[in-house]
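Secondary and tertiary structure notes
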Amino acid sequence: MTTPLDPRRANDPRDFLDLDALLDEEEVAIQQTVRKFVQQQVLPDVGDWFDRGIFPRELATEMGSLGLLGMHLEGYGCAGTSGTSYGLACLELEAGDSGIRSFVSVQGSLAMFPIRAFGSEEQKEQWLPAMASGEAIGCFGLTEPDSGSDPASMRTVAKRDGTDWVLNGTKMWITNGGIADVAVVWARTDDGVRGFVVPTDTPGFTANTIHQKMSLRASVTSELVLEDVRLPAGAVLPGVEGMRGPLSCLNEARYGILFGAMGAARACYEAALDYATSREQFGRPIGGFQLIQRKLVEMLVSVNRGTLLALHLGRLKDQGRLTPAQVSMGKLDNVRQAMDVAREARNVLGANGVTLEYPVIRHMNNLEAVYTYEGTNEIHTLTLGQAITGIPAFR
Ligand code: FAD
């Protein structure tokens, strides 16, 4: 006969479904390393970075030395971990701040991934080791002022001039733009959309910081202006033509987001749980009121369900079976669940919920941008609608 477990001991509020038991040794090691990094290097200062609207440059090399940049890529100084490990790292980073996870997503999935997957040997050798160490920072220029959800409508052009390429256009909302050493820029050519590896010190290239952002404030977002940017023939990514190039990068980055959003959600849930068990009103902890317990339980269910979904998609990725539509489902649902968790947690914290002394409003504001970038909620809904009906409803 088995002894009944004390329910408070059996049910860890911080890992209720015992999801850590689904991880292998390497995954646990990565999870714990990144969690410690976030606790020591991010959480003490991130409220201040958010307040001042800065991303500290030195974090790049610190994350590089931990092997977090391009971590699931092979060779060229990259750590070559599993996709699940990369996802878990994103989750822990975003438990710190979505801006820090965005830096890692853009560096690894949007800038290093296309160079690794579609670049020439020279491009790989020139950029990947420096980017893996954080010495060089990358950005990804796809969105334009008049071309967001429909990136195929881009106007940026690359024209041949002898063997050179000459690029003209404007890219908008580019993460890391103002601190980047290299930009992967997507442009229209006579042969369709192509990707270009553009050193940001090339004459004609300017990055203007976007100010007064109320979301992802601990992340640099910029406008890129390309005015007669002249590049040698070898600047084009030789391995891909058409929208498959940028879309495959976005699929990689969205995969990190579907894990990351659960990190932000977990941080909000834990902040609300801690607050509810210590804050007293009407002579007792507010966590003793049924209405507050209901909120905490809804958060608990969302965090565990979303993390389980992320882990499942991670396993599919590592088996080479993950489809873009499945990634869309993860991005769609985990980000909206995280937003609901953040909003409820903000409420549980009362007035303290609106200050940067607690992490919740920062996560709540950050998730607004996470909801929009890498495919909005509507675009992922349409992607899933097409996947199950076979009928595209985008236009
Ligand atoms: P729009 O496309 O104009 O959409 C506006 C609204 O209309 C949305 O709700 C959308 O869902 C809806 N909509 C559009 N089409 C349809 C439709 N067919 N049916 C129903 N509804 C529709 N881009 C990059 O290239 N690189 C980056 O590094 C990068 N970083 C970013 C960082 C931040 C902080 C932010 C906010 C954005 C970033 N982006 C980046 C841009 C981001 O990817 C775009 O904002 C996103 O694709 C949406 O485009 P949009 O803002 O132009 O909105």
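Residues numbered from 1 in each chain as written. Predicted model: local features only at pLDDT ≥ 70, side-chain atom pairs only at ≥ 80, totals over all residues. Heavy atoms only, no water.

This next bit is on unusual backbone geometry. Of note in this structure, Asp18 is not a glycine but carries a positive phi near 55°. If you trace the backbone, Asp18 turns up in the loop between α1 (7-10) and α2 (25-42). The partly exposed category is assigned to Asp18, whose relative accessible area is 46%. One non-glycine residue, Tyr76, adopts positive backbone phi at about 55°. With respect to the secondary-structure elements, Tyr76 resides in the loop between α4 (58-65) and α5 (83-96). (Helix = DSSP H or I, 4+ residues; strand = E, 2+ residues; numbered from the N terminus. Buried < 20%, exposed > 50% of the residue type's maximum accessible area, 1.4 Å probe, protein only.)

Looking at the ligand, there are 17 residues lining it, with Thr143, Ser149, Trp173, Thr376 and Glu378 nearest. One nitrogen or oxygen atom from the side chain of Thr143 is found 2.7 Å from a nitrogen atom belonging to the ligand. Between Ser149 and the ligand, the recorded distance is 2.6 Å, taken from a side-chain N or O atom to an oxygen atom. Going through the elements one at a time, β3 (164-175), α11 (360-372) and α12 (377-389) are the ones with two or more residues in the shell around the ligand. Looking at the shell around the ligand element by element, the count peaks at three residues for β3. Along the lines of polarity and charge, the residues of the shell around the ligand split into nine nonpolar, six polar and two charged. (Near = heavy atom within 4 Å. Polar contact = N/O pair within 3.5 Å; in protein donor to acceptor, adjacent residues only side chain to side chain. Nonpolar A, V, L, I, M, F, W, Y, C, P; charged D, E, K, R; others polar.)

Segmenting the chain into domains produces domain 1 (19-133), domain 2 (138-235) and domain 3 (244-389). For domain 1 versus domain 2, the distance between C-alpha centres works out to 23 Å. Carbon and sulfur atoms make up 68% of the surface buried where domain 1 meets domain 2, a total of about 1,700 Å² over both sides. Linking domain 1 to domain 2 there are six residue pairs in polar contact (both at pLDDT 80 or more). Breaking the side of domain 1 that touches domain 2 down by element, the ones donating at least two residues are α3 (46-52), α6 (98-118) and α7 (121-133). Examining the composition of the side of domain 1 that touches domain 2, we find that 11 residues originate from one element, α6, more than from any other. Residues belonging to the side of domain 1 that touches domain 2 are distributed by class as follows: 14 nonpolar, six polar and four charged. (Domains from an automatic or database assignment. Buried area = accessible area lost by both parts, 1.4 Å probe.)

Looking now at the packing of α5 against helix α8 (residues 244-278). Contact pair α5 / α8: the axes reach a minimum separation of 7 Å and the direction vectors enclose 40°. Judged on the interaxial angle alone, α8 and α5 are oblique. In this structure, the crossing between α5 and α8 has a hand that is right-handed. Between α5, through Gly83, Thr84, Tyr86, Gly87, Leu88, Cys90, Leu91, Glu92, Glu94 and Ala95, and α8, the contact on the second element is made entirely by Glu252, Tyr255, Gly256, Phe259, Gly260, Ala261, Met262, Gly263, Ala264, Arg266 and Ala267. A breakdown of the residues in the contact of α5 with α8 according to their chemical character gives 11 nonpolar, six polar and four charged. (Axes fitted to C-alpha atoms, helices over the stretch in contact; angles between N-to-C directions. Parallel < 35°, antiparallel > 145°, perpendicular 65-115°, else oblique. Left-handed = near helix turned anticlockwise from the far one by under 90°. Contact = heavy atoms within 4.5 Å.)

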